[in-house]
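Notes for the structure review
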Amino acid sequence: MDNDKLEDEMHAMLRATYMRREYAALTSLSDELQGMVFAPHDMSAYGDDVYKGVIFIRARKSPWFLGAFPFTVVFPFKYPYECPVASFDKPLRSHPLLQNDHRTIPFEMEYMSIGEATKVSLMLRLLKFTRALFTSEMLQEHNAQVDLGQCRQDVDRY
């Protein structure tokens, strides 16, 4: 067996252990993650882990109040040393903080600010960030304007 293959297998084993530990920790934080469901789903053809989730917006101050938005997170093979990619399953045209495709959650800047990724739960940070996207505080922090009519359309469409 060559060194590259051995290194890949070792990384895969460490990554799987890290992901299992992170997911187990999330299950004990049900209060912190109220309004969210998040679970392993599958593995991609590239060896990336795919998780599925749904966020239920229950904050009356949110323009997306009573919305339920399914999302997918892909944890790349080199996770936690590479940023996970999260996106909503359908475009959310009303959300000004999503990337240009109206689906991708802009987690990269948060990920880059973390420092040593193995010392924190990136899954938890990603989920909290995703939930925060629907708060008026996050919108105000980014001076983001929303069209309330478009928000209601997105809630109804989902």
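All values reported here derive from a predicted model rather than from experimental measurement.

1. Focus: the sheet that holds strand 3 (residues 68-75)
Read across the sheet, four strands follow the order 1-2-3-4 without closing on themselves; strand pairing throughout is antiparallel. In this open sheet, the two strands that pair with only one neighbour each are strand 1 (36-43) and strand 4 (85-88). Across the sheet, the mean angle separating the axes of adjacent strands is 20 degrees when strand polarity is ignored. Sheet topology places strand 3 next to strand 4; four bridges connect them, and they run antiparallel. In the strand pairing of strand 4, F71 is matched with F88. Here helix 3 (residues 122-132) sits on the sheet and contacts strand 1, strand 2 (49-56), strand 3 and strand 4; the angle it forms with strand 1, its principal contact strand, is near 125 degrees.

2. Topic: the packing of aromatic side chains
Between two aromatic rings, the relevant description is the distance of the centres plus the angle of the planes. Enumeration over the complete set of coordinates arrives at 13 aromatic pairs. Centre to centre, the rings of Y18 and Y79 are 5.8 Å apart; their planes meet at 55 degrees, and the pair counts as tilted. Taken together, the positions of Y18 in helix 1 (residues 3-27) and Y79 in the loop between strand 3 and strand 4 put the pair 61 residues apart, joining distant regions of the chain. Y79 carries the same exposure label as Y18, and that label is buried.

3. Quick word on the pattern of salt bridges
According to the stated counting rule, one finds four salt bridges in the structure shown. With a closest N to O distance of 2.8 Å, D49 and R15 form a salt bridge. With a gap of 34 residues between them, D49 in strand 2 and R15 in helix 1 connect regions that are remote in the sequence. Across this residue pair, the class does not change: D49 and R15 are buried. Where E110 meets R125, a salt bridge forms, and the shortest distance between an N and an O atom there is 3.2 Å. In this pair, E110 sits in helix 2 (residues 108-112) while R125 sits in helix 3, placing the two residues 15 residues apart along the sequence. Exposure remark for E110: the relative accessible area of 23% places this residue in the partly exposed category. On the accessibility criterion, R125 (28% relative accessible area) is partly exposed.

The rules behind the values
- As a convention, each chain's residues are numbered from 1 in the sequence order in which they are written.
- Restriction of local features to residues with pLDDT of at least 70 applies here, the model being predicted, together with a cutoff of 80 or more for giving and counting side-chain atom pairs; totals for whole chains, interfaces and linings are based on all residues.
- Heavy atoms from the whole structure form the basis of all side-chain values; hydrogens and water molecules are not counted.
- Note on pairing: two strands pair once DSSP finds at least 2 bridges between them.
- Note on conventions: DSSP H or I runs of at least 4 residues are helices, E runs of at least 2 residues are strands, and numbering of each starts at the N terminus.
- Helix axes use the C-alpha atoms of the stretch in contact, all axes being lines fitted to C-alpha atoms, and the angles between their N-to-C directions lie in the range 0 to 180 degrees.
- Contact definition: two residues touch when any of their heavy atoms are within 4.5 Å.
- Any two of the Phe, Tyr and Trp rings considered here, Trp counted by its six-membered ring, make a pair once their centres fall within 6.5 Å; the pair's planes then place it as stacked at under 30 degrees, edge-to-face at over 60, or tilted in between.
- Relative accessibility thresholds used throughout: buried, under 20% of the residue-type maximum; exposed, over 50%; partly exposed, between the two (1.4 Å probe, protein chains only).
- Here, a salt bridge means any side-chain nitrogen of Lys or Arg that lies within 4 Å of a carboxyl oxygen of Asp or Glu.

Keep in mind that these numbers describe shape and distance, not what the molecule does.
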